[in-house]
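Listed below are the residues making up each chain.
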Amino acid sequence: MSPQRVLAGYCGIMAALVAANFALPALHLILWSAIGLTSVAAILTGVHLHKPRRRAPWFLLAGAVASFITGDLIADVLTLVLDKRGFPSVADGFYLAVYLLIAAAMVGLIRMGVASRDPNGLYDAVTVTAGLGLLSYIFLIRPYVEDPALSVLEKSISIAYPLADILVLAVGARLITAVRRGSALLLLAAGGIGLLSADVGYGLKQLNGVWETGGPVDLGWATFYVLWGFAALHPSMRDLTEPKVHRAGEEHFGRLLMLGLSLFIAPCVLYFEMRGGEVRDATVIAGSSALLSGMVLLRLGRAINVQRRAAQRERRLRRAGAALLMATDEPGVTATVRTAIAELLPLGRPHRVVLAPMGDTTAAADGAVSMPYTRKLAPALAEELGDFEVTLCCPLAPVEGRESGRALYVAADEVTLVGVQEAAQILATQAALALERIALGEEIGRRNSEAYFRTLVLNTADVILIVGDHDQIRYASPSAHALFGSDELDGTPLPMAFAKESVVEVDRRLHELRTRGVDRPGDDLRVVGADGRPALVEATFRDLRGEPTVGGVVVTLRDVTERSRLQAELYQRATFDALTGLPNREVFLARVQEAVSSGAESGATVGVLIMEIDDFKVVNDTLGHGAGDALLVAVGNRLTEALRAVDGSYGAAGTVARLGGDEFAALVRRAGSAADVERVAEKVLASFAAPFELPHGEVTASASIGVSTTAEAADAQDLLRHADLAVYVAKDAGKDRWRRYESSLHSAVVERHKLRADLDRAIADGAFLLHFQPIVAISDGRTHGFEALVRWNHPTRGMVSPAEFISVAEESGLIVPLGAWVLRNAVEAAAQWRLLHPGEEVYVSVNVSARQFRGREQGFARWVLDEIDRMGLPPASLLLEMTESLLLHDDGDVTAELAALREAGVRIAIDDFGTGFSSLSYLRRLPVDVLKLDKSFIDTIASSAEQHAVVDMIVQLAAILQLQIVAEGIETSAERDLLMTMGCHLGQGYLFSRPLSYGDASQWLLEEASGLQRGSQTAA
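Residues numbered from 1 in each chain as written. Predicted model: local features only at pLDDT ≥ 70, side-chain atom pairs only at ≥ 80, totals over all residues. Heavy atoms only, no water.

Draft legend 1. Fine view of helix α11 (residues 330-344). With 15 residues, α11 extends 21 Å from end C-alpha to end C-alpha; this agrees with the ideal 21 Å at 1.5 Å per step. For α11, the complete set of buried residues consists of V333, T334, T336, V337, A340, I341 and L344. The arc enclosing the buried residues of α11, seen along the axis, measures out at 165°, which places them on a common side. Its side-chain oxygen at 2.9 Å from the backbone nitrogen of G332, D329 defines the N-terminal cap of α11. (Helix = DSSP H or I, 4+ residues; strand = E, 2+ residues; numbered from the N terminus. Expected span 1.5 Å × (residues − 1). Buried < 20%, exposed > 50% of the residue type's maximum accessible area, 1.4 Å probe, protein only. Arc of directions from axis to C-beta. Polar contact = N/O pair within 3.5 Å; in protein donor to acceptor, adjacent residues only side chain to side chain.)

Here it is, written out as structure tokens:
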């Protein structure tokens, strides 16, 4: 019997039974039982006819209906036949089992298909259920809870019914929101509504004591029986558990309206109870409101999460699209699609991805995406996809009206496939475009191949020759004229077309090709053109005598003259310095290693000299970079001559190289001992004694040389590293000298690096002291100012001399934060002294480094002015000291900064005047107020007439230029008296006071202000 006839017969039988039940109340027991049993039979019949994918949920529904009708039968027998109306009874157990079976069946249906992908359905179901559950509590549950006539068991059973209705309502709402609409789903929903409506009506009538069989309430249960049987017999029941493609849709207004109304149930109940004068259900209302609010928040969180995942998916699809554009063949497209799918799926989720022809079993009429069972696909495809139950099939989109006939198959568990199906459709479209692009490219290539090769032969720059059996040229391409200078090559023996030096090689290659079938290329061949221009050619010989269309040896010639020239030029550039023409570091390192290996076999000593030009930057700054380059070339030539002069005397002179900048290196091979290498260093250093004649004039230059030998090094890298350390020591020792590497040098460098690390940490921790040495009037000893001097009390070294750590700070750039700390604290000290001694105009002098001028983005001058303004110190109370070397290397920015400071009132001093590059031009054009005469001048003015005259001249010069003089390092009364006689008014030194701590300096000023006799002052 066909399913349609079964369905029609069922409808007729149920209509007759329901009508008879209400028309013949006396037969209610028999007719009602028949209705229930017919519904159970219909569900089982539907499962048998339609064979759904999952049968267990339908069997549970049949069990629920059977349990319900059993409860009805027991209840009717007890009340109508036996006249027993006790509560509770056995029937209640069957009734309550109905709801558990229904909930289990619906959960089984929900777990299929797309439900697990949409938690919003769960949130909406809980929201609606929470609102209706509140009403159920007020009207159905609370009356039983508050009824004192009921026992605990009776109350429990009475409350269980509405709670069971709420459970079914929640699960049913979740099912409706999770599964696509269909006839079977609507029939199940309508039957469930009939069941719940009848239960609510029954509960209300029981509370009012007016229940009787055969009323309108029975109509709801009858609807439940009829529609659930109808749903099982309807063919759409199979669709509930079939794998389906999820269609993303927008929120419907009806669904949102239902959620909105559910949210207002709790406030409305609260309002009406407040109007009644007593809020009896505050706790339940509060709990319901909290639950509803939580569901709203979860839904919002879900929406945010969905948006985040969508953005992430879009990024991954963009990457996949870009990769597909780069794919050049089908395996590349497949690999890209597989990678993209793996990124789109949850991490570690098992899956299979295949791009394959689309069989008839999977092709949809409209090319739509489908989710077939894997076992129903073609056997080979099913085997490749593995043991997954279902597979997502995305047909590749047609291009320009042509069907691709291929599809993207993704096999995984069903929930995972639902989550990736939209992205898979996009990937399938992109893959289709990529495959179409590749296919079109291949087709165009095939169509143009013949024309391409014809054009290639006729127009290529390569020369193509066909040689016959007697080695005579039978064909020459048009490009042969440009190479050979002649069109008359036909009949010419092939070897005769080449230069004399290549004839033998051409004969050899032709002979080997004809006899052995192998072409062994040698050196490039030479030809001579019509204009006598020699050319190099790269030749390829192929034996195509067996090809009917060729029938000879094909010789392809490519002119590589320019390429060879460029290769030689590139080799020259890669291995030699462009400026001096000397080998570079890589070549030098290789030759040193070669010499070390050779020396290890013969027992000879190998030495390396590294030379750096002293004060090379001064030449660039004063004479220009052109002069600097000329000096580098001259130094390279001088070094080469010096090494050539000692060749054979102390070993074999090796390579002279330029390592970079002003750094050169020389290799000494096969020296007898390390002493011989040292003698070479002496000769090289002596070669710098003579000045260098440059186009810019005569320049005198010296060098610092580092020496290392294989006596202390095992390989080339060690030799260069040791020589570098030795150069560093030579420069530190005063330049214009050489030093040989010793193991102690390494320790000294390591110690200096450790000092730098400690200095960095000390700056971060503020572990410095600031001392102040008074600057006094030489005549009466009255204090005019203090020079701020930084001191470092190292935790393990003790008091570290500024001569040790200031140079380290300069090299590393730490002088910027250190100098900022000194200036800030010095300004603060001067400001405090002005507050304590308002009548004394005492200034503070601070040393400034060149790096400090370039170490601040907002400008050094602006920062200094901000600091003195913050402390309320007048600009004239600050004196900044700087060395002549800073002024010598000024690029204009320092002068501008100094001018800004001096314009604001800050005074500028040149420290250690006379020890650097003193020049009257600097004194005229720079904004300077004070000259500080170095201690080296003061030490000998009492014993040296020449030094006395020099100091006297500087003092007179300062007076003429209206500059103030401050003499440093005054230690004896004789020195003070001589300076005072010369007209020097200010000085500082141990004769007056050693550097003082801040407290001692404050005491010094206090004693001076009080007119007390000051004692000898020493620093802390």
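Draft legend 2. Region of the structure containing the sheet that holds strand β8 (residues 552-559). In spatial order, the strands read β5-β4-β8-β7-β6; together these 5 strands make up an open sheet with antiparallel pairing. Looking at the sheet topology across the chains shown, the edges are occupied by β5 (473-476) and β6 (525-528). Strand after strand, the sheet turns through a mean of 35° between neighbouring axes, direction not considered. Sheet analysis places strand β4 (residues 463-467) next to β5, joined by 3 bridges and oriented antiparallel. Paired with L465 across the bridge in β5 is A476. (Pairing = 2+ DSSP bridges. Axes fitted to C-alpha atoms, helices over the stretch in contact; angles between N-to-C directions.)

Draft legend 3. Looking closely at the packing of helix α2 (residues 28-50) against helix α8 (residues 216-233). α8 packs onto α2 with a crossing angle of 20° between their chain directions and a minimal axis gap of 6 Å. As far as their axial angle goes, α8 and α2 are roughly parallel. Both α2 and α8 take part in a crossing whose hand is left-handed. Where α2 abuts α8, its residues H28, W32, I35, G36, S39, A42, I43, T45, G46 and H50 lie against D218, W221, A222, Y225, W228, G229, A232 and L233. In terms of residue class, the contact of α2 with α8 is built from 10 nonpolar, 7 polar and 1 charged. (Parallel < 35°, antiparallel > 145°, perpendicular 65-115°, else oblique. Left-handed = near helix turned anticlockwise from the far one by under 90°. Contact = heavy atoms within 4.5 Å. Nonpolar A, V, L, I, M, F, W, Y, C, P; charged D, E, K, R; others polar.)

Draft legend 4. Region of interest: the side chain of T374. With respect to the helices and strands, T374 occurs in the loop between β1 (352-357) and α12 (379-385). A polar contact of 2.7 Å, which involves the side chain of T374, links it to the backbone oxygen of F388. At 3.5 Å, the side chain of T374 forms a polar contact with the backbone oxygen of V390.

Draft legend 5. Seen up close, the pairing of strand β16 (residues 769-777). Burial analysis of β16 places 8 of its 9 residues in the buried class, which makes it a mostly covered element. Judged from the 8 bridges that link them, β16 and strand β17 (residues 783-794) form a sheet pairing that is antiparallel. From the neighbouring strand, L770 faces β17, where its bridge partner is V790. With antiparallel pairing between neighbouring strands as the criterion, β16 and β17 make up a hairpin whose turn holds 5 residues, including G781 at a positive phi of roughly 75°. One ladder, built from 2 bridges, connects β16 with strand β24 (residues 986-987); its direction is antiparallel. Its bridge partner being in β24, A777 is matched across the sheet by L986.

Draft legend 6. Fine view of the environment of L396. Here L396 shows up in the loop between β2 (390-395) and β3 (406-412). Classification of L396 as buried rests on a relative accessible area of 3%.

Draft legend 7. Spotlight on the sheet that holds strand β15 (residues 738-740). Strand order in this open sheet of 5 strands is β10-β11-β9-β14-β15, and the pairing throughout is mixed. Edge positions in the sheet fall to β10 (652-660) and β15, since each has one partner strand and no second. With strand direction ignored, the average angle separating the axes of adjacent strands in the sheet is 20°. Sheet topology places strand β9 (residues 605-613) next to strand β11 (residues 663-671); 7 bridges connect them, and they run antiparallel. Bridge pairing links L609 to A666 in β11. Of the strands in this sheet, β9, β11, β14 (703-709) and β15 are in contact with helix α21 (residues 716-732), which crosses β14 at around 145°.

Draft legend 8. Fine view of the nonpolar core. In terms of nonpolar packing, the biggest core is built from 73 residues, with F772, V846, L878, L880 and L979 touching the most fellow members. Per element, the largest residue contribution to this core is 11 residues, and it comes from helix α24 (residues 815-836). With residues up to four places along the chain from it excluded, the contact list for L880 reads L823, V846, V848, F860, L901, V906, R907, I908 and A909. With 51 residues, the next largest nonpolar core counts L31, V65, Y95 and L233 among its residues. (Core = buried A, V, L, I, M, F, W, Y, C linked by side-chain atoms within 4.5 Å.)

Draft legend 9. Quick peek at the state of the cysteines. Going through the model one piece at a time under the given rule, you end up with 0 disulfides. Of all cysteine sulfurs in the structure, the one in C394 sits closest to C393, which takes part in no disulfide; the separation is 6.8 Å. Classification of C394 as buried rests on a relative accessible area of 1%. (Disulfide = S-S within 2.5 Å.)

Draft legend 10. Representation of helix α33 (residues 998-1010). Taking 1.5 Å per residue as the helical rise, α33 with its 13 residues ought to reach 18 Å, and the 18 Å between its terminal C-alpha atoms agrees with that figure. Every buried residue of α33 is listed here: A1001, S1002, W1004, L1005, E1007 and E1008. Tucked into the core, α33 has its buried residues touching β16, β17 and α24. Phi for G1011, located one or two positions after α33, is positive at around 75°.

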